[in-house]
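# Descriptive analysis of the structure
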Amino acid sequence: MIQDIKQADAQLREHPDPHESGTPVPRKVIVMVTLALLWAVGYIFMARPNADPALGDNRTHNELMAQAGGSAGAADGAQIFGAQCAACHQASGSGVPGVFPPLAGSEWVNGKDSLAANILLHGISGKLTVKGEAYNGAMPAFGDKLSDAQIAAVLTHVRTHFGNSAGKVDDAAVKTAREATRDRTAPWTGDDELAKLK
Ligand code: HEC
């Protein structure tokens, strides 16, 4: 009797034997997967992967700027300085002694606006004296990279920061300098040539 109960208990604890299922993948699942695949392939074709990415959604730069809340096309001197100049002249404008001259307190920065514009338009290569120290490096030209408005904006930023208090530079001053030196392809040779522009 006790034996029988024990055996029944033991049987109750057992899981049933597993049995192999012969059920095939349900038709519904096959249909859903096929539809998803068709949609995915169709989507790739509808997205026109070969369309020129430059076209984007055909909004113009000015439209995007207006949406971003900025005034259309306005150049941001601080932003340009951070992106184009700070790597060499440092975020503080103090340069690196012996390698990159300081913009802070520099006679070239704080001189005539046309002089500063010319330096940015064509760059410098050769011996240049800044605040009594000689440098002999290469300052890249930004004439092809930055517009008149961008050069004016970054120069205005440099001339009104880092302790400098020279005046604002107008787009028109950069335009005039650009036109006056249109035929120039080489950088200024340093002190010799730039002294004449002072
Ligand atoms: C790749 C490094 C480099 C970058 C980037 C660079 N400069 Fe220069 N810059 C120099 C060097 C080097 C000189 C000195 C050239 C020489 O010795 O002939 C110089 C000289 C100058 C001068 C004249 C000397 C002085 O210190 O006042 C000015 C002004 C100037 N840079 C402004 C700028 C501005 C503004 C930018 C950004 C738009 C810029 N530079 C970006 C390396 C750089």
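Structure report, in brief. Remember, predicted model here, so these are calculated numbers, not experimental data.

Turning our eyes to something else, we now look at the pattern of salt bridges. Counting across every chain of the model gives 5 salt bridges. Here D148 ties to R178 by a salt bridge, and the two come within 2.6 Å at their closest N and O atoms. Here D148, found in helix α6 (residues 148-159), pairs with R178, found in helix α7 (residues 171-180); they are 30 residues apart in sequence, far enough to count as distant. Taking the relative accessible area as the measure of exposure, R178 reaches 27% and is therefore partly exposed. K168 is the partner of D170 in a salt bridge, and the nearest nitrogen-oxygen pair spans 3.3 Å. The class for D170 is partly exposed, based on a relative accessible area of 42%.

Attention shifts here to the packing of aromatic side chains. Tallied over the entire structure, the rule returns 2 aromatic pairs. Pairing W39 with Y43 gives two aromatic rings, centres 5.5 Å apart and planes at 35°, and the pair type is tilted. On the criterion of helical spacing, the pair formed by W39 and Y43 is a turn pair, its members being 4 residues apart in helix α2 (residues 27-46). The class for W39 is exposed, based on a relative accessible area of 60%. Between F81 and F162 the ring centres are 5.1 Å apart and the planes differ by 45°, which places this aromatic pair in the tilted class. You can see F81 sitting in helix α4 (residues 77-89) and its partner F162 sitting in the loop between α6 and α7, a full 81 residues away along the chain. Residue F81 is classed as buried on the basis of its relative accessible area of 4%. Over the face of the ring belonging to W188 we find R184, whose NZ or CZ atom lies 4.0 Å from the ring centre. Against the face of W108 rests K198, its NZ or CZ located 4.6 Å from the ring centre.

All right, on to the coordination of the iron atom of the ligand then. Of the protein atoms, only H89 (NE2) and M139 (SD) coordinate the iron atom of the ligand, at distances of 2.0 Å. Taken together, the 6 donor atoms coordinating the iron atom of the ligand and their angles of 88 to 180° define a geometry best described as octahedral. With H89 in helix α4 and M139 in strand β2 (residues 133-139), this pair connects stretches of sequence that are 50 residues apart. H89 gets classed as buried once you look at its relative accessible area, which sits at 10%.

The ligand sits among 25 residues. The nearest are C85, C88, H89, G126 and M139. At 2.5 Å from an oxygen atom of the ligand is found a side-chain nitrogen or oxygen belonging to S106. Applying the majority rule of atoms within 2 Å of the grid points places the ligand in the largest pocket. Of all elements in the fold, only α4, α5 (113-122), β1 (124-130) and β2 reach the threshold of two or more residues within the shell around the ligand. Sort the elements by how many residues they give to the shell around the ligand and β2 lands first, with 5 residues. When its residues are assigned to classes, the shell around the ligand shows 19 nonpolar, 6 polar and no charged.

On the surface, a cluster of nonpolar side chains totalling about 440 Å² of accessible area is made up of V25, V29, I30, V33 and L37. Tracing the sequence through the fold places V25 in the loop between α1 (2-13) and α2.

Looking along a regular strand, one sees side chains alternate from face to face of the sheet. Relative to β2, β1 is paired through 7 bridges, and the arrangement is antiparallel. Paired with T129 across the bridge in β2 is A134. Between β1 and β2, which pair antiparallel one after the other, the connecting turn spans 2 residues, and K131 there sits at a positive phi close to 50°.

Conventions used here
Chains are numbered independently. Their residues run from 1 in the order of the written sequence. Reporting of local features is limited, given that this is a predicted model, to residues whose pLDDT is at least 70; pairs of side-chain atoms are given and counted only at 80 or more, and all residues count toward the totals for whole chains, interfaces and linings. Note: side-chain values were computed over all heavy atoms of the structure, leaving out hydrogens and water. The working definition used for a salt bridge is a side-chain nitrogen of Lys or Arg within 4 Å of a carboxyl oxygen of Asp or Glu. By definition, any uninterrupted DSSP run of H or I lasting at least four residues is a helix, any uninterrupted run of E lasting at least two residues is a strand, and each is numbered from the N terminus. Whether a residue is buried, partly exposed or exposed follows from its accessible area with a 1.4 Å probe, protein chains only, as a fraction of its type maximum: under 20%, in between, or over 50%, in that order. Here a pair means two rings of Phe, Tyr or Trp (six-membered ring of Trp) with centres within 6.5 Å. Their orientation is stacked below 30 degrees between planes, edge-to-face above 60, and tilted elsewhere. To sit over a ring, a charge needs its Lys NZ or Arg CZ within 6 Å of the ring centre and within 35 degrees of the ring normal. In this listing, donors mean N, O and S atoms no farther than 2.8 Å from the metal, or 3.2 Å for Na, K and Ca; water is missing from the atoms, so a site can look incomplete. Sites are called tetrahedral only when four donors show all angles between 85 and 135 degrees, square planar or octahedral only when four or six donors show opposite pairs over 155 degrees and all other angles between 65 and 115, and irregular in any remaining case. Residues are labelled near a given molecule or strand when at least one of their non-hydrogen atoms is within 4 Å of it. What qualifies as a polar contact is a pair of N or O atoms within 3.5 Å, subject to a donor-acceptor requirement within protein and to the restriction that residues adjacent in sequence count only when both atoms come from side chains. Definitions used throughout: a 1 Å grid over protein atoms alone; a cavity as a set of points that fits a 1.4 Å probe which cannot get out; a pocket as an open set with protein on both sides within 12 Å along at least five of seven lines; a lining residue as one with an atom within 4 Å of a point. For this analysis, a molecule is said to be in a pocket or cavity if more than half of its atoms are within 2 Å of the grid points defining it. Under the scheme applied here, ten amino acids are nonpolar (Ala, Val, Leu, Ile, Met, Phe, Trp, Tyr, Cys and Pro), four are charged (Asp, Glu, Lys and Arg), and all others, including Gly, are polar. Each patch groups residues whose relative accessible area exceeds 30% and which form no salt bridge, using 9 Å between like charges and 5 Å between nonpolar side chains of Val, Leu, Ile, Met, Phe, Trp and Tyr. Each accessible area is a Shrake-Rupley result for a 1.4 Å probe, and residues are judged covered by the shown protein chains and nothing else. Only when DSSP finds a minimum of two bridges between them are two strands counted as paired.

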